[in-house]
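Spelled out from the first residue to the last, the chains are:
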Amino acid sequence: MKNLLPTAFLATALLILLPSCHKESAAPSDSLEGTWELTNRQCLCGILPVPAEAVAFTAGGFTFLKNNQPTSSGSYSRTMDAPFCGGSLGPALRLQPSAGNPYTARFIINGNTLTLDYGSPCDAPVDTYERQ
């Protein structure tokens, strides 16, 4: 009986402690905020290597980067009714650069992948990014 008590105590302690040691893997966020690295560009620009580009989003701002240097920044808003070349209505971003004209991109977040479609039905590029 003496040997069973420590064994039973140890088994009970393990059953209590083991579940708390298991780490849940974080589910991908559907948030736009963060830094995204370009992994693919579809366009009528020929087959070229994917450029070293990224985009960083904050709660209301964006910065496009090329070779880790800012190339464009400004503010954005989400919309469902933006005009889109040859496409239907859907989630879109109205991007207002600090310098230059505003433009619209349809966006899709699927796990850690972000797709920005600038008007593919009218031969505009579609950029795919991975969350960093």
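The structure we're discussing is the one just above.
Residues numbered from 1 in each chain as written. Predicted model: local features only at pLDDT ≥ 70, side-chain atom pairs only at ≥ 80, totals over all residues. Heavy atoms only, no water.

1. Some remarks on the pairing of strand β4 (residues 69–79)
Inference 1: The pairing of strand β3 (residues 61–66) with β4 spans six bridges and is antiparallel. Residue pairing for β4: K66 is matched across the bridge by Q69.
Inference 2: What sits between β3 and β4 in their antiparallel hairpin is a turn of two residues, with N67 showing a positive phi close to 50°.
Inference 3: Where β4 and strand β5 (residues 92–97) come together, six bridges link them in antiparallel fashion. Looking at the pairing, S75 lines up with Q96 of β5. (Pairing = 2+ DSSP bridges. Helix = DSSP H or I, 4+ residues; strand = E, 2+ residues; numbered from the N terminus.)

2. Some remarks on the side chain of T128
Inference 1: On the secondary structure map, T128 appears in strand β8 (residues 126–131).
Inference 2: Residue class for T128 comes out buried when judged on its relative accessible area of 17%.
Inference 3: Apart from the residues within four sequence positions on either side, T128 is in contact with E37, L38, T39, N40, T113, L114 and T115. (Buried < 20%, exposed > 50% of the residue type's maximum accessible area, 1.4 Å probe, protein only. Contact = heavy atoms within 4.5 Å.)

3. What to know about the pattern of salt bridges
Inference 1: One pass over the full model with this rule turns up two salt bridges.
Inference 2: The partner of E53 in a salt bridge is R41, with the nearest N and O atoms 2.6 Å apart. Of this pair, E53 sits in strand β2 (residues 53–57) while R41 sits in strand β1 (residues 34–42), and the two are 12 residues apart along the sequence.
Inference 3: We classify R41 as partly exposed; its relative accessible area is 27%.
Inference 4: Among the salt bridges present, the one from D127 reaches R41, with a minimum N-O distance of 2.7 Å. Remark: R41 occurs in strand β1 and D127 occurs in strand β8; sequence separation between them is 86 residues.
Inference 5: Here the salt bridges share partners, and the residues they tie into one network are R41, E53 and D127. (Salt bridge = Lys/Arg side-chain N within 4 Å of Asp/Glu carboxyl O.)

4. Overview of the environment of G34
Inference 1: Relative to the helices and strands, G34 resides in strand β1.
Inference 2: By relative accessible area, which is 26% here, G34 ends up partly exposed.
Inference 3: Along the backbone, G34 and F62 are 28 residues apart, and their C-alpha atoms lie at a distance of 9.6 Å.
Inference 4: Look past the residues within four positions of G34 in its chain and what remains in contact with it is V55, A56 and F57.

5. Topic: the nonpolar core
Inference 1: Core analysis: the biggest nonpolar cluster contains 15 residues, and F57, Y76, L93, L95, L114, L116 and Y129 have the highest contact counts within it.
Inference 2: Every element with two or more residues in this core is listed here: β1, β2, β3, β5, β6 (103–110) and β7 (113–117).
Inference 3: When near neighbours in sequence (up to four residues on either side) are disregarded, L114 contacts L32, W36, F57, F107, I108, I109, D127, T128 and Y129. (Core = buried A, V, L, I, M, F, W, Y, C linked by side-chain atoms within 4.5 Å.)

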